[in-house]
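Summary of structural features
Residues per chain are reported as follows:
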Amino acid sequence: MEEKKTTTHDIHTLVRRLAADASSVSEPADYATLRRVYKEAREAGYSPAHTHGIDPTNRAMETCIALCEMVSPDRNMIIATLVYNLCAAGVLDVRRVEQLWDADVSRLVTGLMKVSTLYGKQTVVKTDNFRRLLMALADDIRVIIIMIVDRLTLMRAINHHPDEKFVVDTAFEANYLYAPLAHRLGLYKIKSELEDMSLKYTARDTYTRIARELNETKTARDAYIASFIAPVKEKLDKTGLKYEIKGRTKSIFSIWNKLRKQQVELSGIYDLFAIRIILDVPLEDEKAECWRVFSIITDMYTSNPKRLKDWLSIPKGNGYESLHTTVMGPDNKWVEVQIRTRRMDLVAEKGLAAHWKYKGIKSEGQLDAWMNNVRDILETSDGPLELMKNFKMDLYDKEVFIFTPMGDLYRLPMGASVLDFAFAVHSKLGCSCIGGKVNGRNRKLNHKLSSGDTVEILTSPSQQPKLDWLNFVVTSKARNKIKQTINERANRSSEYGRELLQRRCKNRKIDLEEGTLMRTIKKMGYRTVTDFYKAIADESIDVNDVIATYELIDSADRKAEIERVSAEEFELMSPNERHAEGGSDDILVIGDNIKGVNYKLSKCCNPIYGDDVFGFVSAEGVIKIHRLDCPNARHIRERYPYRVIRTRWSGRAGNQFAATVRIVGIDDISIVTNITSIINKEKDVALRNISIESHDGIFSGFLVLGINDTSALNNIIKKIKTVKGVKDVQRS
């Protein structure tokens, strides 16, 4: 693109326009001072360097004009925008700016110069972190507003620019960065224009097709809107209200977005065109009069209840107030009607409602609260931009911004180390990291980074994550990946240890019983099964010692089971005592309907009503009731068949039985609450005890339930299995 020579006529035209637009905020001495500094700059040899053929002086003045027209005139913002190029070129010192005007103008210029340095690293504009870095460096919101308007001016200047790559990159950046920023600040018109031009420059055929379709239907659309408005005006005139009616068509970018998302034709878009009714009413009558107009419209046209949007009763979080309804107009066409007052419209049109959450722009924590404060001041002040200069954008002071040698930007928490950065770039890079070069100097893994550091990661194929890395990493990604990798190694080792123990036991013809094994693990001092098996694999403990300990515990269990006592210790319990122990002749039929027999429900298998059971005459003379599938059933039947008594349930259970349920699932703070909530809702189920352990993101535990019978137990197990995160539920 050839450099366009800025003519005296061009400059005078722009100066006159700016003087008119800024007349309400300018001071007489300002223009004289500006002329003087520009004259001194030219005498010092300053010649504006045209970037991509665009005159920076013209661009600065056009930015100031757009600022006045699309946001609000502000003296200090205009001066800072006009003198920024002189300061950036080094012909005007920032301290001199403070002397000529004031510290506030100097602060704005400093902010603009800080942000301009970012463009030396071209790739960073393509990352979401660039937006945050922008805010971290610009300590005044007015700097962001100037940059947004400046980008609008640049976009307007590059239509049909010969450098296609420059145009596409600029358009991408405008749509990716500046349009969302404008959206957050409620600068709708700027946001829509940036999006439209971005689509135009990156997909001109699509833009042209939609624009042509809109243009072809403009006459018919205007006629239709006129026919829709005419009877509305007639009705409104009878009310005596002061009002204005505007028609508006959606922006081309918004239309394209809806066509793409909804897969519809242009005619299928509900709010392709909208009628905006703006009322002139006192503040105290705003809501009532808006609803009055709504009633008139919906009496005339059938409304779509699904499309009613009431932002009068509860304004949006950004302060946006309006009443939207979609009605069926003539010829069965949908028309969106927006009803608002002059105050509401001014807020919406000028962007002073901080309209940054609208349609999917999400809150970012502190930014949300900060924007609410801005909105409050804007709504109660005559000069919002004057007051806004006191708001400091220290929103991301707890973060650091780090560059790769290629210029890519990564955002990390304050205190992040070289290792955190390595994991942020890629998990494999973090796992093999042995250190890094920070600004060209070798640093250790735990070296803390500062904003602006350029970091090159050093790796080794033999490196593996270590447990002590968790002592200094601060990012969740790094911590999770380190734990995951260490656990995977431990699990592989644990699996080998399990196989080793099972193989050795098989050789010695020992059947491992889970309950006894768990007691063995606990006796040997291990908190988790994984640690126990890993110790076997690592040869920290001898597998023969494990087997010996297991056999001692198993032998003690069997001895306790078969220990005899003298006949004198046998007591025949009274019916009341028997009922207290759980024995009742209307619940269990023992042998040939023997009654008055002392029995207990065995704790090893906790039988409940409905289980297949048998009786075992213990050494104490008490008949113990076991389930047929009890872990000890085989042992009892083989060694003591003469003590086994046929037993069955009879009648209905009068009391609740204790049933133990084992649960395994993903460790989550809400999962236990959800499980207990289900149990509490069951009429005949009581939670008597709960024991939960968590390890490596997995929880396991036991619930002791008070329950009537097996059908109730099976029902509650089925319901617990539906809880999100629960992997397995079994009766123990």
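Criteria and cut-off values
Residues numbered from 1 in each chain as written. Predicted model: local features only at pLDDT ≥ 70, side-chain atom pairs only at ≥ 80, totals over all residues. Heavy atoms only, no water. Pairing = 2+ DSSP bridges. Helix = DSSP H or I, 4+ residues; strand = E, 2+ residues; numbered from the N terminus. Axes fitted to C-alpha atoms, helices over the stretch in contact; angles between N-to-C directions. Left-handed = near helix turned anticlockwise from the far one by under 90°. Contact = heavy atoms within 4.5 Å. Nonpolar A, V, L, I, M, F, W, Y, C, P; charged D, E, K, R; others polar. Buried < 20%, exposed > 50% of the residue type's maximum accessible area, 1.4 Å probe, protein only. Parallel < 35°, antiparallel > 145°, perpendicular 65-115°, else oblique. Salt bridge = Lys/Arg side-chain N within 4 Å of Asp/Glu carboxyl O. Phe/Tyr/Trp six-rings, centres within 6.5 Å; stacked < 30°, edge-to-face > 60°. Lys NZ or Arg CZ within 6 Å of the ring centre and 35° of its normal. pLDDT = per-residue confidence, 0-100. Arc of directions from axis to C-beta.

A word on the sheet that holds strand β12 (residues 588–590)
For sheets, the rule is that strands pair by backbone hydrogen bonds, running either parallel or antiparallel. Ordered in space as β12-β16-β14-β15-β13, the five strands form an open sheet in which the pairing is mixed. The open sheet has two free edges, formed respectively by β12 and β13 (599–601), since each of these has just one partner strand. Within this sheet the neighbouring strands show an average axis-to-axis angle of 30 degrees, counted without direction. The pairing of β12 with strand β16 (residues 644–649) spans three bridges and is classified as antiparallel. Residue pairing in the sheet places Leu588 in a bridge with Trp649 of β16.

Things to note about the packing of helix α26 (residues 671–681) against helix α27 (residues 710–720)
One can describe the packing of α26 onto α27 by two numbers: an axis separation of 10 Å at closest approach and a directional angle of 145 degrees. Once α26 is placed against α27, the crossing between them reads as right-handed. Contacts from Ile675, Ile678 and Ile679 in α26 reach Ile716, Lys719 and Ile720 in α27. Across the contact of α26 with α27, the residue classes break down as five nonpolar, no polar and one charged.

Things to note about the pairing of strand β5 (residues 323–328)
Among the six residues that make up β5, five are buried, leaving the element largely enclosed by the rest of the structure. Here strand β3 (residues 302–303) pairs with β5 via two bridges, running antiparallel. Each bridged residue has a counterpart across the sheet, and for Thr302 the counterpart in β5 is Met328. Bridging between strand β4 (residues 309–310) and β5 involves two bridges; their strand directions are antiparallel. If you follow Asp310 over to β5, its bridge partner there is Leu323. Where β5 meets strand β6 (residues 334–341), six bridges bridge the pair, whose relative direction is antiparallel. Within the sheet, the bridge partner assigned to Thr326 lies in β6 and is Glu336. Counting the residues that bridge the hairpin from β5 to β6 gives five residues, and of these Asp331 lies at a positive phi of roughly 65 degrees.

So, the packing of helix α4 (residues 75–88) against helix α6 (residues 103–116)
Direction vectors running N to C along α4 and α6 enclose 55 degrees, while the axes themselves pass 9 Å from each other. Taken as axis vectors, α4 and α6 run oblique relative to one another. The element α4 and its partner α6 pack so that their crossing is right-handed. Between α4 and α6, the residues in contact are Asn76, Met77, Ile79, Ala80, Val83, Tyr84, Cys87 and Ala88 and Asp104, Val105, Leu108, Val109, Leu112, Met113 and Ser116, respectively. Taken together, the residues of the contact of α4 with α6 break down into 12 nonpolar, two polar and one charged.

A short note on the sheet that holds strand β18 (residues 686–695)
Spatial strand order, β18-β19-β17-β20: four strands in an open sheet with antiparallel pairing. In this open sheet, the two edge strands, each paired with only one partner strand, are β18 and β20 (726–731). Averaged over all pairs of adjacent strands, the angle between strand axes in this sheet comes to 15 degrees, irrespective of strand direction. Bridging between strand β17 (residues 657–666) and β20 involves five bridges; their strand directions are antiparallel. Residue pairing in the sheet places Val664 in a bridge with Asp728 of β20. Strand contacts of α26: β17, β18, β19 (698–707) and β20, with the helix running at about 165 degrees to β18, the strand carrying the most contacts.

Describing the pattern of salt bridges
Scanning all chains against the criterion turns up 26 salt bridges. With a closest N to O distance of 2.7 Å, Arg59 and Asp150 form a salt bridge. Residue Arg59 is located in helix α3 (residues 56–70), and its partner Asp150 is located in helix α8 (residues 141–157); the two are separated by 91 residues in the primary sequence. We note a salt bridge from Arg342 to Glu244, for which the minimum N-O separation is 2.9 Å. Of this pair, Arg342 sits in helix α15 (residues 342–350) while Glu244 sits in strand β1 (residues 243–249); the two residues are 98 residues apart in sequence, bridging distant segments of the chain. Several salt bridges converge on common partners, so that one network encompasses Glu27, Asp30, Arg75 and Asp102.

Let's talk about unusual backbone geometry
Positive phi, normally seen in glycine, also occurs at His160, with a value near 65 degrees. Relative to the helices and strands, His160 resides in the loop between α8 and α9 (164–184). For His160, a relative accessible area of 62% puts it in the exposed group. Look at Asn439: it is not a glycine, yet its phi comes out positive at around 55 degrees.

Let's talk about the packing of aromatic side chains
For the structure on display, the rule yields 10 aromatic pairs. Judged by centre distance (5.6 Å) and plane angle (50 degrees), the rings of Phe253 and Trp256 are tilted. Residue Phe253 and its partner Trp256 are located together in helix α13 (residues 252–262), separated by three residues, close to a single helical turn. Given the relative accessible area of 11%, Phe253 is considered buried. With 5.5 Å between their ring centres and 80 degrees between their planes, Trp649 and Phe657 make a pair best called edge-to-face. Take Trp649 and Phe657: they sit in the same class, and that class is buried. The ring of Tyr224 has Lys333 lying over it, and the distance from NZ or CZ to the ring centre is 5.1 Å. For the cation-ring pair, Arg637 lies above Phe614, with the distance from its terminal atom to the ring centre recorded as 4.6 Å.

Describing the pairing of β19
Here 10 bridges tie β17 to β19, and the two strands are oriented antiparallel to one another. Note on β19: the bridge partner recorded for Ala659 is Leu705. One ladder, built from nine bridges, connects β18 with β19; its direction is antiparallel. Residue Leu687 lies in a different strand from β19, and its bridge partner there is Leu705.

Here's the deal with the confidence of the model for the protein
Confidence in the prediction of the protein, expressed as mean pLDDT, is 78, and 79% of residues score 70 or more. Long-range and interchain partners of residues 121–129, a stretch whose pLDDT sits below 50, account for 25 contacts in this model, where long-range means more than four residues apart. Every residue in residues 353–367 scores below 50 in pLDDT, and together they form 50 contacts with partners more than four places removed in sequence or on other chains.

Things to note about α27
Within the span of α27, buried status applies to Thr710, Leu713, Ile716, Ile717 and Ile720. Mapping the buried residues of α27 onto a view down its axis gives an arc of 125 degrees, with all of them on the same face. Among the structural elements, β17, α26, β19 and β20 are those in contact with the buried residues of α27.

A look at the environment of Met328
Locating Met328 in the fold gives a position in strand β5. When the C-alpha atoms of Met328 and Tyr301 are compared, they prove to be 5.9 Å apart, with 27 residues separating the residues in sequence.

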